[in-house]
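Coordinate analysis (summary)
One letter stands for each residue in the lines below.
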Amino acid sequence: MPDEYIRTAEQAYLEAVNNYLDEYSFDTNKYSGQTDRNHIENNGIRLMMGLNVRLHSETYFSGGYKDTRITKVVRRLNDLCQARITC
């Protein structure tokens, strides 16, 4: 078989694998942290499950950020602007 056929087949296989991984790979990690009560209160942000958020970190995310959703909100009863969120 000519080398050109082998290179073409390898390239097609690589593209198929990358397409599959792009479609079915996702981050299953949970990220949690405390909210900034002043930011929440001053901007009138309503924290609720399903809210879209952008997590910023050069250390943890390629590109410096990750768009995700809030899956859990635990608020302090004496100050509802203080919360621990899980994404």
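Everything quoted here is computed from the prediction, not taken from an experiment.

Core analysis: the biggest nonpolar cluster contains nine residues, these being Ile40, Leu47, Leu55, Phe61, Ile70, Cys81, Ala83, Ile85 and Cys87. Looking at this core element by element, the count peaks at three residues for strand 5 (residues 79-86). Not counting the four nearest positions on each side in its chain, Ile85 is found in contact with Tyr31, Ser32, Gly33, Thr35, Leu47, Ile70, Lys72 and Val73.

Moving on, we come to the pairing of strand 4 (residues 72-76). Looking along a regular strand, one sees side chains alternate from face to face of the sheet. Where strand 4 lies against strand 5, five bridges are found, and the strand directions are antiparallel. Directly across from Val74, in strand 5, lies its bridge partner Arg84. Between strand 4 and the antiparallel strand that follows it, strand 5, lie two residues.

What follows concerns the environment of Gly63. Tracing the backbone through its elements, the reader meets Gly63 in the loop between strand 2 (52-56) and strand 3 (65-69). Judged by its relative accessible area of 66%, Gly63 is exposed. Note: C-alpha distance between Gly63 and Glu10 (53 residues apart in sequence) is 29 Å.

Thresholds, definitions, all that
Residues numbered from 1 in each chain as written. Predicted model: local features only at pLDDT ≥ 70, side-chain atom pairs only at ≥ 80, totals over all residues. Heavy atoms only, no water. Core = buried A, V, L, I, M, F, W, Y, C linked by side-chain atoms within 4.5 Å. Buried < 20%, exposed > 50% of the residue type's maximum accessible area, 1.4 Å probe, protein only. Helix = DSSP H or I, 4+ residues; strand = E, 2+ residues; numbered from the N terminus. Contact = heavy atoms within 4.5 Å. Pairing = 2+ DSSP bridges.

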